[in-house]
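One-letter residues, chain by chain:
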Amino acid sequence: MTLKNVLYVFLCASLFLLLPAKLSGQEQLSYKLTEGEVFKIKQKAEQLIVQELEGTKHELTNDLEALFTFTVTDKTEDGFQLRLTFNDFGMKSTSSIQGELINVRASQPVEGDLMSQMFSGLLDYELLMVMRQDGKIIEVKGGDKLVEKMVAAANIEDEFTQNLMKKSLEKEFSSNGLAKSFEQMTYFYPNNEVKVGSTWETQFEGKMLAENTWKLEKYGAESASISGTASIVLKTEESGTIMSLEGTQESSIETELPNGFIKTINTTSFAEGISIMANLKDVEIPTSIKSNITYEIIE
């Protein structure tokens, strides 16, 4: 081998060592879904809201359970199109002062119970969701018609009450509201290759603003483990009641490989600040919210 050939081989070997290849342990974390795949998810959420005023404490407990199914219908240029269907939805709210406020389950509507009948309208309605490969939700189609279906299921004749309910439901179940809600379950992947120990950031918007920092904890043949920490800000205004809170959030995620869909997500958060009631405009009430949310794939 001539000196020229030796130098050429040496140069190629040096360049190869400089390339950020899989040999360096880097992986591209993302959704890699195929048309026809079906994922059934169970969500549970527990929330404790505590308000204190002049030595008196009011505790409001909210418990939520939901079952929904994602079906991959198409692959787009930069992501996927999925059909989303609610299979069940249950919510229970209890006040330490007023007792049980709400107790409904969509699959078990109670005739004459406005809230129960309204949530029964969630079932079996098909929504269309467009999602990027990193989990960012581009849009949800059909949410506005879903809100109309829920209001119609309540059998309310008074037009003013209908419009009031529609405005309230739009915050959570409109196309925009659903996109922001489900993004908290899907949007945690980076845009570039990472290795175990790497960190990256994403941002959630909506009623809750979260600045997330994620870390790849483990990567194996079947699954990946991701942890997350976030600073959160909650600002809401409903029926004249204003709430402004800040806090932190911790997340633990286990994902399926190679499709990238979740196995489990567990998120806990705590935020505190003030709330101002509609009938007490000049009174700032110290308020805190503690939440625990889990998602798990069941089929």
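Everything below is about the structure printed above this text.
Please read these numbers as outputs of a predicted model, since none were measured by experiment.

**Focus on the overall build of the protein chain**
Thought 1: Along the protein chain, the regular secondary structure elements total five helices and twelve strands.
Thought 2: Dimensions of the protein chain, computed from C-alpha atoms along their principal axes, come out at roughly 90 × 45 × 30 Å.
Thought 3: Each of the 299 residues in the protein chain was classed as buried or not, and the buried ones make up 39%.
Thought 4: In the protein chain, once contacts between residues fewer than 6 apart in sequence are set aside, the share between residues at least 24 apart is 57%.

**Quick word on the nonpolar core**
Thought 1: Among the nonpolar cores identified, the biggest contains 66 residues, and F68, F70 and F119 are the most heavily contacted of them.
Thought 2: Of all the elements, strand β3 (residues 79–95) adds the most residues to this core, at six residues.

**Section: the packing of aromatic side chains**
Thought 1: As enumerated under the stated definition, the model contains 17 aromatic pairs in all.
Thought 2: Ring geometry for F68 and F70: centres 5.8 Å apart, planes at 85°, overall edge-to-face. The exposure classification of F68 matches that of F70, with both residues buried.

**As for the layout of surface pockets**
Thought 1: Of the volumes computed, that of the second largest pocket is approximately 200 Å³.
Thought 2: Mapped by element, the contributors of at least two residues to the lining of the second largest pocket are β1 (38–53) and β2 (56–75).
Thought 3: Across the lining of the second largest pocket, the residue classes break down as five nonpolar, four polar and one charged.

**Some points on helix α3 (residues 143–153)**
One turn of the α-helix equals 3.6 residues, which is why residues spaced by three or four share an orientation.
Thought 1: Every buried residue of α3 is accounted for by G143, L146, V147, M150 and V151. Down the axis of α3, the buried side of the element spans an arc of 135°, and every buried residue falls inside it. The exposed set on the far side of α3, more than 90 degrees from its buried face, consists of K145 and A152.
Thought 2: Directly after α3, the chain includes N155, whose backbone phi takes a positive value near 55°.

**Re the pattern of salt bridges**
For side chains of opposite charge, pairing can occur when their charged atoms come near one another.
Thought 1: Scanning the entire structure with this criterion turns up eight salt bridges.
Thought 2: Between E126 and R83 there is a salt bridge; the shortest N-O distance is 3.6 Å. Of the two residues, E126 sits in strand β5 (residues 126–132) while R83 sits in strand β3, which places them 43 residues apart along the sequence.
Thought 3: Overall, the relative accessible area of 29% leaves R83 in the partly exposed class.
Thought 4: R105 is the partner of D88 in a salt bridge, and the nearest nitrogen-oxygen pair spans 3.5 Å. With D88 in strand β3 and R105 in strand β4 (residues 99–105), this residue pair connects regions lying 17 residues apart in the sequence.
Thought 5: The buried category is assigned to D88, whose relative accessible area is 11%.
Thought 6: Residue R105 is classed as partly exposed on the basis of its relative accessible area of 27%.
Thought 7: One network of salt bridges, in which partners are shared, links E65, D88 and R105.

**Observations regarding the pairing of strand β11 (residues 262–276)**
Thought 1: Across 14 bridges, the pairing between strand β10 (residues 241–256) and β11 is antiparallel. Residue Q249 lies in a different strand from β11, and its bridge partner there is S269.
Thought 2: Taken together, the twelve bridges between β11 and strand β12 (residues 285–297) define a ladder with antiparallel strand orientation. Looking at β12, one finds that T268 is bridged to N292.

**Some remarks on the environment of E100**
Thought 1: Along the chain, E100 turns up in strand β4.
Thought 2: For the pair E100 and V196, spaced 96 residues apart in sequence, the C-alpha separation works out to 47 Å.
Thought 3: Polar contacts involving the side chain of E100 include one to the side chain of N103, which spans 3.3 Å.

**Here's the deal with unusual backbone geometry**
Thought 1: Note the cis peptide between L257 and P258, where omega equals 10°.
Thought 2: Note on placement: P258 falls in the loop between β10 and β11.

**Remarks on the packing of helix α4 (residues 159–173) against helix α5 (residues 175–186)**
Thought 1: Look at α4 against α5: their axes get within 5 Å of each other, and the N-to-C directions meet at 35°. Touching K171, E172 and F173 of α4 are S175, G177 and L178, all from α5.
Thought 2: In terms of residue class, the contact of α4 with α5 is built from two nonpolar, two polar and two charged.

**Observations concerning the packing of α3 against α4**
Thought 1: Two elements in contact, α3 and α4, have axes separated by 9 Å at closest approach and are oriented at 135°. With respect to α4, the axis of α3 lies oblique. Here α3 runs over α4; the crossing is right-handed. Residues G143, L146, V147, E148, M150 and V151 of α3 touch α4, and the partners they reach there are Q162, M165, K166, L169, E170 and F173.
Thought 2: Looking at the contact of α3 with α4 residue by residue, the class counts come to seven nonpolar, two polar and three charged.

About the criteria used
- Residues numbered from 1 in each chain as written.
- Predicted model: local features only at pLDDT ≥ 70, side-chain atom pairs only at ≥ 80, totals over all residues.
- Heavy atoms only, no water.
- Helix = DSSP H or I, 4+ residues; strand = E, 2+ residues; numbered from the N terminus.
- Buried < 20%, exposed > 50% of the residue type's maximum accessible area, 1.4 Å probe, protein only.
- Contact = heavy atoms within 4.5 Å.
- Core = buried A, V, L, I, M, F, W, Y, C linked by side-chain atoms within 4.5 Å.
- Phe/Tyr/Trp six-rings, centres within 6.5 Å; stacked < 30°, edge-to-face > 60°.
- 1 Å grid on protein atoms, 1.4 Å probe; cavity = no way out; pocket = protein on both sides within 12 Å on 5 of 7 lines; lining within 4 Å.
- Points joined across faces, edges and corners; volume = space filled by probe spheres on them.
- Nonpolar A, V, L, I, M, F, W, Y, C, P; charged D, E, K, R; others polar.
- Arc of directions from axis to C-beta.
- Salt bridge = Lys/Arg side-chain N within 4 Å of Asp/Glu carboxyl O.
- Pairing = 2+ DSSP bridges.
- Polar contact = N/O pair within 3.5 Å; in protein donor to acceptor, adjacent residues only side chain to side chain.
- Axes fitted to C-alpha atoms, helices over the stretch in contact; angles between N-to-C directions.
- Parallel < 35°, antiparallel > 145°, perpendicular 65-115°, else oblique.
- Left-handed = near helix turned anticlockwise from the far one by under 90°.

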